[in-house]
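Descriptive structure summary
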Amino acid sequence: MKNIDLFDKMKMSNSDLGKYQKVAEGYLIFPKLEGEIGPIMKFRGKEVLNWSLNNYIGLANHPEVRKADADAAKEWGLAYPMGARMMSGQTKYHEELEQKLADFVKKERGYLLNFGYQGILSIIDTLLSRNDIAVYDSDSHASILDGLRLHMGKRLVYQHNDMESLEKQLERATKLATERGGGILVVTEGVFGMEGDLGNLKAITDLKDKFNFRLLIDDAHGMGTMGATGAGTDEHFGVQDKVDVYFGTFAKSMAGIGAFVAGKTEIVDFLKYNMRSQMFAKSLPMPMVIGALKRLELLIGHPELREKLWIIVNAIQKGLKEAGLNLGKTESPVTPVFFEGNVAQGTNALVDLRENYGIFTSIVVYPVVPKGTVMLRIIPTADHTLEHVERTVAAFKEVSAKLKAGEYDADEVTLDIK
Ligand code: PMP
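Anyway, here's the lowdown on the structure attached to this text.

**Things to note about the overall build of the protein**
Looking only at helices and strands, the protein has 14 helices and 14 strands in total. Relative to the globule expectation of 22 Å for 418 residues, the C-alpha radius of gyration of the protein, 22 Å, shows essentially globular dimensions. Expressed along its principal axes, the backbone C-alpha trace of the protein runs to roughly 60 × 55 × 55 Å. In the protein, buried positions account for 52% of the 418 residues. A sequence separation of at least 24 residues applies to 69% of the contacts in the protein between residues at least 6 apart. Summed over its atoms, the accessible surface of the protein is roughly 20,000 Å², and 53% of this surface lies on carbon and sulfur atoms. Side chains of the protein carry 51 positive and 56 negative charges; the gap between the two charge centres is 4 Å.

Here it is as structure tokens:
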């Protein structure tokens, strides 16, 4: 008897994305965008109008942000503070930032997380014990799903944003939790990052009258973009007091790295003392913390940045819809454009957009979207202009017509680019 070599599975052609590696790496996958972050960047040496960064309110290259980052790096370096928060990695700036974040999202306390992905995974892992039941939306982000994979107890999935399905699962969860002496955690995204639709937070929180559960929202794309003050999707729905645990990342509107969790003091204290991703990992370096303080100050103090974002969002979504394009159910800045076609046709459309129209977007294919559909995803930002919008709508209109006329027909992704 002989077992296979562990590394046999690494023959890339076996994985969903891996099979495109040869033809697509550097172009569709791992493309290099160069130059200052903004709407105009360089791709393969040519200027492109770029719609693929989550720099929603334009903080990434804001002069005050760049200065704060540079000054903090000069003053503190990237090492300080050394050690995990609990041991030797605590500073008054970390505390100040988490309290300011908590105040902003109308929660009692906040706690910093080094990365969003690990953070939400670890929050879920920490909140759930073996007897507890997790109930989650079927379109949840990988970081949520991976957190749920760590859960040793029951996980019940409900159909994406389907309140009847959620109610059914809550009935099951209530029964199971009662038998086992556990509690129930419902998890949803605020803004679903791929398709831009909103977690149905009003209806979900209304179910609290009927069922006994706690609610965690991952508001990666909602913080800074949604709600009257940019405090997130729960502010948008007027249900901030009904969200028990709020998660936001610095990777999107805050244009940095790191994340935070916020909630009632007793919940955050529990997380502080039990969350393994923070207890056993080095504290967020000072420039990230000082930089995040500056970003938050600008996010709160300059609502015109968010207003500008929404001018661009509304203009491009209106323009694309009027051009007959299908944007699905988005209610947020995330702007998916769905086309009927196979991956090869979608890729040819994308190449035409990049090479001949100078427009850079990302492509999303099966299994993220159904077979026979491709999505080109547009992320508007406050740095874009109405002229950028006009150019893009005109280009998408032409590309859509070419797709329908069969100009991109192909069975295989070939990417024959000079
Ligand atoms: N949740 C959602 C919904 C996301 O889109 C992402 C990706 N940024 C994350 C969590 C992970 O956040 P981070 O990039 O900060 O690790």
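**Some words on the pattern of salt bridges**
Close approach of charged atoms lets side chains of opposite charge pair. Inspection of the entire model under this criterion finds 16 salt bridges. One salt bridge connects Glu36 with Arg66, and the closest N-O pair in it is separated by 3.4 Å. Placement of the pair is Glu36 in the loop between strand E1 (33-34) and strand E2 (40-43) and Arg66 in helix H2 (residues 63-76), with a sequence separation of 30 residues. Among the ionic pairs, Arg295 bridges to Asp69, the shortest N-O distance being 2.9 Å. Placement of the pair is Arg295 in helix H11 (residues 286-301) and Asp69 in helix H2, with a sequence separation of 226 residues. In the salt-bridge network here, residues are joined through shared partners; they are Glu64, Lys294 and Glu297.

**A few points about the site of the ligand**
The environment of the ligand is made up of Gly116, Tyr117, His141, Ser143, Glu189, Asp218, Ala220, His221, Thr249, Ala251 and Lys252. The contact in question runs from an oxygen atom of the ligand to an N or O atom on the backbone of Tyr117, over 2.7 Å. Side-chain polar atom of Asp218 to a nitrogen atom of the ligand: 2.6 Å apart, as the coordinates give it. For the ligand, the protein covers 85% of the area, taking 390 Å² as the surface of the free molecule. Here the residues of the shell around the ligand sort into three nonpolar, five polar and three charged.

**Re the pairing of strand E7 (residues 184-189)**
Of all six residues that make up E7, six are buried, and the element is covered over most of its length. Every second residue of E7 is oriented toward a common face, with Ile184, Val186 and Thr188 on one face and Leu185, Val187 and Glu189 on the other, all of them buried. Pairing geometry for strand E5 (residues 133-137) and E7, over four bridges, is parallel. Residue pairing in the sheet places Ile133 in a bridge with Ile184 of E7. Looking at chain direction, E7 and strand E8 (residues 214-218) are connected through five bridges and run parallel. Each bridged residue has a counterpart across the sheet, and for Glu189 the counterpart in E8 is Asp218.

**Observations regarding the sheet that holds strand E12 (residues 359-360)**
One open sheet accounts for four strands, arranged E1-E2-E3-E12; its pairing is mixed. Of all strands in the sheet, those with a lone pairing partner are E1 and E12, marking the two edges. The pairing of E1 with E2 spans two bridges and is antiparallel. The residue of E2 that forms the bridge with Glu34 is Lys42.

**With respect to the packing of aromatic side chains**
One pass over the full model with this rule turns up seven aromatic pairs. Measuring from centroid to centroid gives 6.4 Å for Phe339 and Phe396, while their planes differ by 25°, and the two rings are stacked. Of this pair, Phe339 sits in strand E11 (residues 335-340) while Phe396 sits in helix H14 (residues 386-404); the two residues are 57 residues apart in sequence, bridging distant segments of the chain. What makes Phe396 buried here is its relative accessible area of 0%. Grouping aromatic residues by their ring pairs yields a cluster made of Tyr27, Phe43 and Phe360. The ring centre of Phe43 lies 5.1 Å from the NZ or CZ of Arg354, which sits over that ring. Lying over the aromatic face of Phe360, Arg354 brings its terminal NZ or CZ to 3.9 Å of the ring centre.

**Remarks on the nonpolar core**
If you look at the biggest cluster of nonpolar residues, it comprises 55 residues, and the most contacted ones within it are Val135 and Val186. The residues touching Val135, leaving out its near neighbours within four places in the chain, are Leu156, Tyr158, Leu166, Gln169, Leu170, Ala173, Ile184, Leu185, Val186 and Val187. Of all hydrophobic cores here, the second largest spans 26 residues; its members include Leu327, Ile363, Val389 and Val399.

**Thoughts on the environment of Lys42**
Along the chain, Lys42 turns up in strand E2. Sequence separation between Lys42 and Gly83 is 41 residues; the distance between their C-alpha atoms is 38 Å.

What counts, and where the lines are drawn
- Residues numbered from 1 in each chain as written.
- Predicted model: local features only at pLDDT ≥ 70, side-chain atom pairs only at ≥ 80, totals over all residues.
- Heavy atoms only, no water.
- Helix = DSSP H or I, 4+ residues; strand = E, 2+ residues; numbered from the N terminus.
- Rg over C-alpha atoms; globule rule 2.2 N^0.38 Å.
- Buried < 20%, exposed > 50% of the residue type's maximum accessible area, 1.4 Å probe, protein only.
- Contact = heavy atoms within 4.5 Å.
- Areas by Shrake-Rupley, 256 points an atom, 1.4 Å probe, with all protein chains shown as cover.
- Lys, Arg positive; Asp, Glu negative; His and termini not counted.
- Charge placed at Lys NZ, Arg CZ, Asp CG, Glu CD.
- Salt bridge = Lys/Arg side-chain N within 4 Å of Asp/Glu carboxyl O.
- Near = heavy atom within 4 Å.
- Polar contact = N/O pair within 3.5 Å; in protein donor to acceptor, adjacent residues only side chain to side chain.
- Nonpolar A, V, L, I, M, F, W, Y, C, P; charged D, E, K, R; others polar.
- Pairing = 2+ DSSP bridges.
- Phe/Tyr/Trp six-rings, centres within 6.5 Å; stacked < 30°, edge-to-face > 60°.
- Lys NZ or Arg CZ within 6 Å of the ring centre and 35° of its normal.
- Core = buried A, V, L, I, M, F, W, Y, C linked by side-chain atoms within 4.5 Å.

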